[in-house]
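The primary structure of each chain is shown beneath.
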Amino acid sequence: MDKKDLTSKLDEWLLELKYDEKATNTLKQYKTNVMKFIDWLPDDETITKDTTMKYKDYLRTITESPKSLNVWIVGLNKYLKWLGHNDLTIKKVKMQQQSSNESSLTIADFKRLLRISKSIGNEQLYYIIKVLGMTGCRIGELQYFTVENIEKTPRKNIKVFNKGKDREIVIRQDLSRELKHYYKSKNIESGYIFLSNDPKCKGKMPAISTIFRQMKKVAGIARINKEKVHPHNFRHLFAQVFLDAYPENVLDLADLLGHNDLKTTRIYTKTSGEQKRIKLEKVKF
């Protein structure tokens, strides 16, 4: 099955759903879900489980809401099942609604991951983790970390286009110096500063799934819960550290994260029960 097969059967599936008296809005949503996958899918690629898993990784880069991600997944899964390809379906993302976020990373976790990454010789992962944690950028925005863009920092911010809008990633002076030292030491003179190790992908970024696997490996060595170690959690850590330093500056944080809605920023203010306890211990009565 390929892109052409998916497209040719879509109208038939939607018509069947219509005869099952599914709501018009539901039909529109399902069509949008499937077309999103079809538009993302490379031409002439045979769809495998690996393909749909990579698509899930892609969805993680364009949405901060597990709810939205699951909506896209559900529509696609229903279509794949109708086609008789249950083996290609992907699992939904677990959603956490508690006021505390027990799966959040701590500064101690962050420093340990950096230390282990460097100690096992994975210098590139060290800098990827550092960038994610110290800028709050999305993993999909690493593509904007090029020699040309970093050379302009910290005097100028890195301009990115994501989720249909332009925004800027602010780079600290110390991080700017470190990144410049890194790519110069690797003799990278232009283009991406984070590169795939696969000879077939020379000059290209490492796959998101590869970064995921490397992070999990380091988490295991560092004896940190692997569920806590994923790219988006570094964005949470950035938000928490910023708010610890500037508790009244939620508007500035929203701007740094590229949020239009403060409700989205509110998600990043959740801390673990242990973090709440530590803060309470410091309160004087």
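Just so it is clear, the model here is predicted, and its values are computed rather than measured.

### A short note on the overall build of the protein
And then number 1: The helix and strand inventory of the protein stands at 13 helices and two strands.
And then number 2: With 285 residues in all, the protein has 43% of them scored as buried.
And then number 3: Long-range contacts, defined as pairs at least 24 residues apart, comprise 63% of the intrachain contacts of the protein with a sequence gap of at least 6.

### Observations regarding the packing of aromatic side chains
And then number 1: Counted under the stated rule, the structure contains 14 aromatic pairs.
And then number 2: Geometrically, the ring pair formed by tryptophan 40 and tyrosine 58 is stacked, given 6.2 Å between the ring centres and 25° between the ring planes. With tryptophan 40 in helix H2 (residues 24–40) and tyrosine 58 in helix H3 (residues 49–62), this pair connects stretches of sequence that are 18 residues apart.
And then number 3: Assessed through its relative accessible area of 25%, tryptophan 40 is described here as partly exposed.
And then number 4: Residue tyrosine 58 is classed as partly exposed on the basis of its relative accessible area of 28%.
And then number 5: The interplanar angle of 35° and the centroid separation of 6.3 Å between the aromatic rings of tyrosine 182 and phenylalanine 194 together place this pair among those described as tilted. With tyrosine 182 in helix H8 (residues 173–185) and phenylalanine 194 in the loop between H8 and helix H9 (208–222), this pair connects stretches of sequence that are twelve residues apart. Each of the two residues, tyrosine 182 as well as phenylalanine 194, counts as buried.
And then number 6: The lysine or arginine in question, lysine 36, covers the ring of tryptophan 72, its NZ or CZ lying 4.6 Å from the ring centre.
And then number 7: Seen from the ring of tyrosine 126, lysine 118 lies directly overhead, with NZ or CZ sitting 4.1 Å from the centre.

The rules behind the values
Residues numbered from 1 in each chain as written. Predicted model: local features only at pLDDT ≥ 70, side-chain atom pairs only at ≥ 80, totals over all residues. Heavy atoms only, no water. Helix = DSSP H or I, 4+ residues; strand = E, 2+ residues; numbered from the N terminus. Buried < 20%, exposed > 50% of the residue type's maximum accessible area, 1.4 Å probe, protein only. Contact = heavy atoms within 4.5 Å. Phe/Tyr/Trp six-rings, centres within 6.5 Å; stacked < 30°, edge-to-face > 60°. Lys NZ or Arg CZ within 6 Å of the ring centre and 35° of its normal.

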